[in-house]
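Residue-level listing of the chains:
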Amino acid sequence: MSISKFYSCLQRSGIGSCIQDSHLVLKGDTLTNKTGLMQPTLCKVTHSYPSPIISCIHKDPHGSEVSRITSPSFENRNSKSLVDGSTASNGLKDVHISTQLLDGFLDLAVDNTSKDLETCGVLGAFLKEGTYYVTTLIIPKQDSTSSSCQAVHEEEIFAIQNEQSLFPVGWIHTHPSQSCFMSSVDLHTQYSYQVMVPEAVAIVMAPTDTSRSFGFFRLSEPYGMNILRECQETGFHTHKEPVNGTSIYEDCTSIYLNPNLRLEICDLRE
């Protein structure tokens, strides 16, 4: 089942509920917390009985504030807002991401990273009062190389999104030995998300890039999206530049790191 077909099903069924009983039971251990905030739960998925109702937002005991990601010069994940470096994302809904997500994902990717293999994950969010809140990170079964990562058994991803009424608001992946950028394959993957949810974000984690270890990216509108829409090539290839001289992709300016947001990580790998 393709992502686009599944998203059509989600639209018909109605999405946006913050709390919902589920036929998926989420169990597991707790990840190491490097930031001193609430620890995310590492989840395994079973089909037993409805999961308990849980709160999507909690008050952080440390009183940390929400931080906006606005510039590629953003160095500290817990920093306050920086000067807005782009206006191309204006008009999009804000997307709030747990401050635990980046480190939690890197912890799960560490084995692959040490072997120079990419790791990928899918961001699941609920929509409330015009804002997306990413509460779930799904690590699917996947086939990886040093320069690519392909999710397999995608029906398992769709099942979690459907049961929890989550929007697919983007994805995250590592560049274990490369710099922080979007490859041609990454651009096509991002297109498949952004054509469904305009606010969808591609997060690139590049732990060996000393100049920029992570980035929040999206295809530019309308030029980048139009180029990817018309491109029929597969694999690694070049894309033509937008006619107005801008970049085919850009830094997101509607992303916020939120220390008060619950995060569950569902690792489906064996």
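Everything quoted here is computed from the prediction, not taken from an experiment.

## Observations regarding the overall build of the chain
(1) Moving on: Of the regular secondary structure elements, the chain holds five helices and 14 strands.
(2) Moving on: Taken over 270 residues, the chain has a buried fraction of 50%.
(3) Moving on: A sequence separation of at least 24 residues applies to 74% of the contacts in the chain between residues at least 6 apart.
(4) Moving on: Put simply, the chain shows about 12400 Å² of open surface, and 50% of that area lies on carbon and sulfur atoms.

## A word on the pattern of salt bridges
(1) Moving on: Scanning the entire structure with this criterion turns up six salt bridges.
(2) Moving on: The partner of Arg212 in a salt bridge is Asp251, with the nearest N and O atoms 2.4 Å apart. Here the residue Arg212 occupies a position in the loop between strand E10 (201-205) and strand E11 (214-219), and Asp251 occupies one in strand E12 (residues 249-251), the gap between them amounting to 39 residues.
(3) Moving on: Between Arg262 and Glu264 there is a salt bridge; the shortest N-O distance is 3.6 Å.

## Examining the pairing of strand E9 (residues 167-174)
(1) Moving on: The element E9 is extensively covered by neighbouring structure, given that eight of its eight residues are classed as buried.
(2) Moving on: One ladder, built from six bridges, connects strand E5 (residues 120-128) with E9; its direction is antiparallel. Each bridged residue has a counterpart across the sheet, and for Ala125 the counterpart in E9 is Phe167.
(3) Moving on: Taking the sense of rotation as the criterion, the β-α-β connection linking E9, helix H4 (residues 184-194) and E10 turns out right-handed.

## Overview of the side chain of His239
(1) Moving on: Structurally, His239 can be placed in the loop between helix H5 (223-230) and E12.
(2) Moving on: Among the polar contacts made by the side chain of His239, one reaches the side chain of His237 at a distance of 3.0 Å.
(3) Moving on: With near-sequence residues (within four places) excluded, His239 lies in contact with Ser184, Leu187, His188, Ile227, Leu228, Cys231 and Ile248.

## Section: the environment of Gly121
(1) Moving on: Take Gly121: it is sitting in strand E5.
(2) Moving on: Expressed as a C-alpha distance, the spacing of Gly121 and Phe105, which sit 16 residues apart in the sequence, is 8.0 Å.
(3) Moving on: Discounting residues that sit within four places of it in the chain, Gly121 has contacts with Phe105, Leu137, Ile138, Ile139, Pro140, Trp171 and Ile172.

## A word on the packing of aromatic side chains
(1) Moving on: Enumeration according to the criterion identifies five aromatic pairs in this entry.
(2) Moving on: Each ring, one from Phe126 and one from Tyr133, has its centre 5.2 Å from the other, and the planes form 20 degrees; the classification is stacked. Like Tyr133, Phe126 is buried.
(3) Moving on: Aromatic side chains Tyr132 and Phe167 sit 5.4 Å apart centroid to centroid with 70 degrees between the ring planes, which places their arrangement in the edge-to-face category. Of this pair, Tyr132 sits in strand E6 (residues 131-139) while Phe167 is found in strand E9, placing the two residues 35 residues apart along the sequence.

## Section: H4
The α-helix advances 3.6 residues per turn, and as a result positions three or four apart in sequence lie on the same side.
(1) Moving on: Along H4, the positions that sit buried rather than exposed are Ser184, Asp186, Leu187, Gln190, Tyr191, Tyr193 and Gln194. Down the axis of H4, the sector holding all buried residues measures 165 degrees, keeping them to one side.

## A closer look at the environment of Gln100
(1) Moving on: Along the chain, the position of Gln100 falls in the loop between strand E4 (94-98) and helix H2 (101-114).
(2) Moving on: Its relative accessible area of 6% is what places Gln100 among the buried residues.
(3) Moving on: A sequence separation of 164 residues divides Gln100 from Glu264, and the C-alpha atoms of the two residues are 9.8 Å apart.
(4) Moving on: Polar side-chain contacts of Gln100 include one of 3.3 Å to the side chain of Thr99.

## Things to note about the environment of Leu101
(1) Moving on: Along the chain, Leu101 falls in helix H2.
(2) Moving on: A C-alpha to C-alpha distance of 9.1 Å links Leu101 and Glu264, two positions 163 residues apart in sequence.
(3) Moving on: The contacts of Leu101, once residues within four sequence positions are left out, are Leu123, Val134, Leu137, Ile172, Ile203 and Leu263.

## Topic: helix H3 (residues 154-163)
(1) Moving on: Restricting attention to buried positions, one finds in H3 the residues Ile157, Phe158, Ile160 and Gln161. Looking straight down H3, one finds its buried side chains confined to an arc of 160 degrees; they lie on one side.

## Quick word on the confidence of the model for the chain
(1) Moving on: Residues at a pLDDT of 70 or more form 69% of the chain, whose mean pLDDT is 76.
(2) Moving on: Note that pLDDT drops below 50 for residues 45-62; the model gives that stretch 51 contacts with residues more than four away or on any other chain.
(3) Moving on: Scored below 50 in pLDDT, residues 73-89 makes 39 contacts in the model with residues more than four places away or belonging to other chains.

About the criteria used
Residues numbered from 1 in each chain as written. Predicted model: local features only at pLDDT ≥ 70, side-chain atom pairs only at ≥ 80, totals over all residues. Heavy atoms only, no water. Helix = DSSP H or I, 4+ residues; strand = E, 2+ residues; numbered from the N terminus. Buried < 20%, exposed > 50% of the residue type's maximum accessible area, 1.4 Å probe, protein only. Contact = heavy atoms within 4.5 Å. Areas by Shrake-Rupley, 256 points an atom, 1.4 Å probe, with all protein chains shown as cover. Salt bridge = Lys/Arg side-chain N within 4 Å of Asp/Glu carboxyl O. Pairing = 2+ DSSP bridges. Right-handed = clockwise from strand over helix to strand, strands pointing away. Polar contact = N/O pair within 3.5 Å; in protein donor to acceptor, adjacent residues only side chain to side chain. Phe/Tyr/Trp six-rings, centres within 6.5 Å; stacked < 30°, edge-to-face > 60°. Arc of directions from axis to C-beta. pLDDT = per-residue confidence, 0-100.

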